[in-house]
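Secondary and tertiary structure notes
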Amino acid sequence: MTLFEIKKAIQTGDFDLSELNELNAWINSVKTQNAKAEISVGDQVYVVQKTKRTLGEVVKVNIKKAIVNLPQGRYNVPLSMIEKAS
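Since the model is a prediction, treat every value here as computed from it, not as a measurement. (Residues numbered from 1 in each chain as written. Predicted model: local features only at pLDDT ≥ 70, side-chain atom pairs only at ≥ 80, totals over all residues. Heavy atoms only, no water.)

**What to know about the environment of tyrosine 75**
Following the sequence through the fold, tyrosine 75 ends up in strand E4 (residues 73–78). For tyrosine 75, a relative accessible area of 39% corresponds to the partly exposed category. Sequence separation between tyrosine 75 and valine 58 is 17 residues; the distance between their C-alpha atoms is 9.8 Å. In this view, tyrosine 75 contacts Ala66, Ile67, Val68 and Leu70; residues no more than four positions away in its chain are not counted. (Helix = DSSP H or I, 4+ residues; strand = E, 2+ residues; numbered from the N terminus. Buried < 20%, exposed > 50% of the residue type's maximum accessible area, 1.4 Å probe, protein only. Contact = heavy atoms within 4.5 Å.)

Right, here's the structure in full:
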């Protein structure tokens, strides 16, 4: 199944708000698991926000968040907002 097909199925699936919120929470937990599996201390990562991506370096990986050195300083960033830089 392609991403387009998944989006179309969700849009036409007649889900109520609580089901969509549950789906959103599940997607965020999968994003957290994937980020935790692929990053480690010293890795270059992007912190992804709605309108920008900021390059930084992972200092420490905690259970749900990572401490990342960014140009503006050191931040505690949720793993679901982190992408490994190529």
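**Description of the pairing of strand E3 (residues 65–70)**
Of the two faces of E3, only the one carrying Ala66, Val68 and Leu70 is buried; Lys65, Ile67 and Asn69 on the other face are not. In this structure, strand E2 (residues 53–61) lies alongside E3, joined through four bridges in antiparallel fashion. When the sheet's bridge partners are listed, glutamate 57 is paired in E3 with asparagine 69. Hairpin connection from E2 to E3: three residues lie between these consecutive antiparallel strands. Both E3 and E4 contribute to a ladder of six bridges, which runs antiparallel. Residue pairing in the sheet places leucine 70 in a bridge with glycine 73 of E4. Between E3 and E4, which pair antiparallel one after the other, the connecting turn spans two residues. (Pairing = 2+ DSSP bridges.)

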